[in-house]
Amino acid sequence: MNRTTLSEQFFRDQASASATGGLSTVLNRLSLVARMLASEIMRAGFVGKLGYTGTTNVQDEDVRALDVIANDTTLQVFENMPMMAAIASEEMEDMHVLPGGQDGKYLLAIDPLDGSGNVDVAGQMGTIFGIYRRREPGRPVQMDEFFQPGRDLIAAGYVLYGPCTMMVYTAGGPVNGFTLDRSIGTFFLTHPDLRIPEGSGAYSVNEANEVKWDDKTRAMVAAFRRQEADCGKRAARYAGALVGDFHRTLLKGGIYMYPGTTDKPQGKLRLLYENAPLAFVCECAGGAASDGRQPVLDIVPEGLHQRTPLYLGSKGDVAEAVRRLR
Ligand code: FBP
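Conventions and cut-offs
Residues numbered from 1 in each chain as written. Predicted model: local features only at pLDDT ≥ 70, side-chain atom pairs only at ≥ 80, totals over all residues. Heavy atoms only, no water. Helix = DSSP H or I, 4+ residues; strand = E, 2+ residues; numbered from the N terminus. Buried < 20%, exposed > 50% of the residue type's maximum accessible area, 1.4 Å probe, protein only. Contact = heavy atoms within 4.5 Å. Axes fitted to C-alpha atoms, helices over the stretch in contact; angles between N-to-C directions. Left-handed = near helix turned anticlockwise from the far one by under 90°. Nonpolar A, V, L, I, M, F, W, Y, C, P; charged D, E, K, R; others polar. Pairing = 2+ DSSP bridges. 1 Å grid on protein atoms, 1.4 Å probe; cavity = no way out; pocket = protein on both sides within 12 Å on 5 of 7 lines; lining within 4 Å. Points joined across faces, edges and corners; volume = space filled by probe spheres on them. Near = heavy atom within 4 Å. Polar contact = N/O pair within 3.5 Å; in protein donor to acceptor, adjacent residues only side chain to side chain. Areas by Shrake-Rupley, 256 points an atom, 1.4 Å probe, with all protein chains shown as cover. Sits in = over half its atoms within 2 Å of the grid points. Domains from an automatic or database assignment.

Tracing the backbone shows Phe-10 in helix 1 (residues 6-16). Look at Phe-10 and you get buried, because its relative accessible area is 1%. Discounting chain neighbours no more than four positions away, the residues touching Phe-10 are Ser-24, Leu-27, Asn-28, Met-167 and Tyr-169.

In contact at an axis separation of 8 Å, helix 4 (residues 215-225) and helix 7 (residues 315-325) are set at 140° when each is read in the N-to-C sense. Both helix 4 and helix 7 take part in a crossing whose hand is right-handed. Here helix 4 contributes Lys-216, Thr-217, Met-220, Ala-223 and Phe-224 to the contact with helix 7, which in turn contributes Asp-317, Ala-321, Arg-324 and Leu-325. Of the residues assigned to the contact of helix 4 with helix 7, the class counts are five nonpolar, one polar and three charged.

This part is about the sheet that holds strand 4 (residues 96-97). Taken in spatial order, the eight strands of this open sheet run 4-3-5-6-7-8-9-10, and their pairing is mixed. The sheet is open, and its two edges are formed by strand 4 and strand 10 (186-191), each paired on a single side. Strand direction decides the pairing type here: strand 9 (residues 176-181) and strand 10, joined by five bridges, are antiparallel. Counted as the bridge partner of Phe-178 is Leu-189 from strand 10. Contacting strand 3 (84-89), strand 5 (106-114), strand 6 (125-133), strand 7 (155-161), strand 8 (165-170), strand 9 and strand 10, helix 2 (residues 23-43) runs over the sheet at an angle of about 165° to strand 6. Its contacts with the sheet place helix 3 (residues 65-78) against strand 3, strand 4 and strand 5, and it is angled at close to 155° to strand 5.

Turning to the layout of surface pockets, a few remarks are in order. Each pocket or cavity is described by its volume, and for the largest pocket that value is around 460 Å³. What lines the largest pocket is a set of 26 residues, and nearest its centre among them are Gly-115, Ser-116, Gly-117, Gly-240 and Lys-268. Breaking the lining of the largest pocket down by element, the ones donating at least two residues are strand 2 (62-64), strand 5 and strand 13 (254-258). Residue contributions to the lining of the largest pocket peak at three residues, all from strand 5. Taken together, the residues of the lining of the largest pocket break down into eight nonpolar, seven polar and eleven charged.

On to unusual backbone geometry, then. For residues besides glycine, phi is generally negative; the peptide bonds are generally trans as well. With phi around 55°, Ala-122 is a residue other than glycine that occupies positive phi space. Tracing the backbone shows Ala-122 in the loop between strand 5 and strand 6. For Gln-227, which is not glycine, the phi torsion reads 60° and is therefore positive. Among the structural elements, Gln-227 can be located in the loop between helix 4 and strand 12 (235-236). The exposure class assigned to Gln-227 is partly exposed, which follows from its relative accessible area of 30%.

The next point concerns the site of the ligand. Taken together, 18 residues form the shell around the ligand, and within it Asp-114, Gly-115, Tyr-238, Leu-242 and Tyr-258 come nearest. Take Gly-115: an N or O atom from its main chain is 2.8 Å from an oxygen atom of the ligand. One nitrogen or oxygen atom from the side chain of Arg-270 is found 3.1 Å from an oxygen atom belonging to the ligand. Protein chains shield 85% of the accessible area of the ligand, which is 470 Å² for the free molecule. Among the cavities detected, the one that contains the ligand is the largest pocket. Per element, the largest residue contribution to the shell around the ligand is three residues, and it comes from strand 5. Viewed by domain, the shell around the ligand spans two of them, domain 1 (6-191) and domain 2 (202-325), each represented by three or more residues.

In this section: the sheet that holds strand 12. With mixed pairing, the five strands of this open sheet are ordered in space as 12-11-13-15-14. Two strands close off the open sheet at either side, each with one partner strand: strand 12 and strand 14 (288-290). In this sheet, strand 13 lies alongside strand 11 (residues 202-204) in parallel orientation, the contact comprising three bridges. Paired with Tyr-203 across the two strands is Ile-255, which belongs to strand 13. Sheet contacts for helix 5 (residues 242-252): strand 11, strand 13 and strand 15 (310-313); angle to strand 13, the most-contacted strand, approximately 155°.

Here the focus is the environment of Lys-315. By the secondary structure assignment, Lys-315 is in helix 7. What makes Lys-315 partly exposed here is its relative accessible area of 48%. C-alpha separation for the pair Lys-315 and Glu-198, spaced 117 residues apart in sequence, amounts to 7.1 Å. When sequence neighbours within four positions are dropped, the list of residues in contact with Lys-315 reads Glu-198, Gly-286, Gly-287 and Ala-288.

Any functional reading would require information that these geometric values do not contain.
Set out below in structure tokens:
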């Protein structure tokens, strides 16, 4: 088996991404967050950290103990890292400017614990991250510095907490997957240069929302369900965690969908720290990502927590979904 470690790969990518200095340090810090959260998730049941805190976040969603732990862990790991200027997180209403922020070169957009609803049932969960470069380091950080289209990401990826812990990321070139060897706390390259298959896999959507979709969305999903999609027959799979559903789609092909609904016309998922980073990974792996009208990576955010519908996966599947929505 390839014994390339995450750290060695970071340095290789750093050269190709022409990122001077800090990118590999930032990615190394993210791998530390991944290892710390993998441990927290495994122990949550023993130390009474499952369940809710009784509070709600800026999205008016119930906050679980592990959501808070994941966000706090992220802040602690980056607190004394001069290259990182600020963090935008699902769990914080405003951006968090780091102590050395003014001179930092990078911005981190993160969903510290995606799919936290799965924690009580030992389901898959994840962390999603995107790294932007600041246009003008050296001045006080402004929130609108985060309002960059996903196409301007310099690196993005996710951590999957499941039967194994994986970290999958790209610096704009190949998408590489690493698996954590818990016995020595090291990620090793196990999935080099991932390319999303065409013509296979599953369609992945919460069909309980059907009553809240518009007619075109309903008809489009029905085509996949009835095996009538032009792009081919698909299984149905839905893990209830975006990272788990996307990881399966990346490896097996197919499409993940979170359409708009009557109560949430822009859908549930957030552009800055969920949809754009995964769209970046997906496109770098040869796939596609749309909000139903345009590529996700072309959308310029107007708020830290802006939602968009999401159609993410194999190029042929996404193209057909978008065509049927027109
Ligand atoms: P968070 O858990 O970070 O809020 O992510 C939203 C999410 O849990 C996704 O991971 C998942 O794909 C989706 O919501 C499931 O939503 P629903 O329960 O409405 O199908």
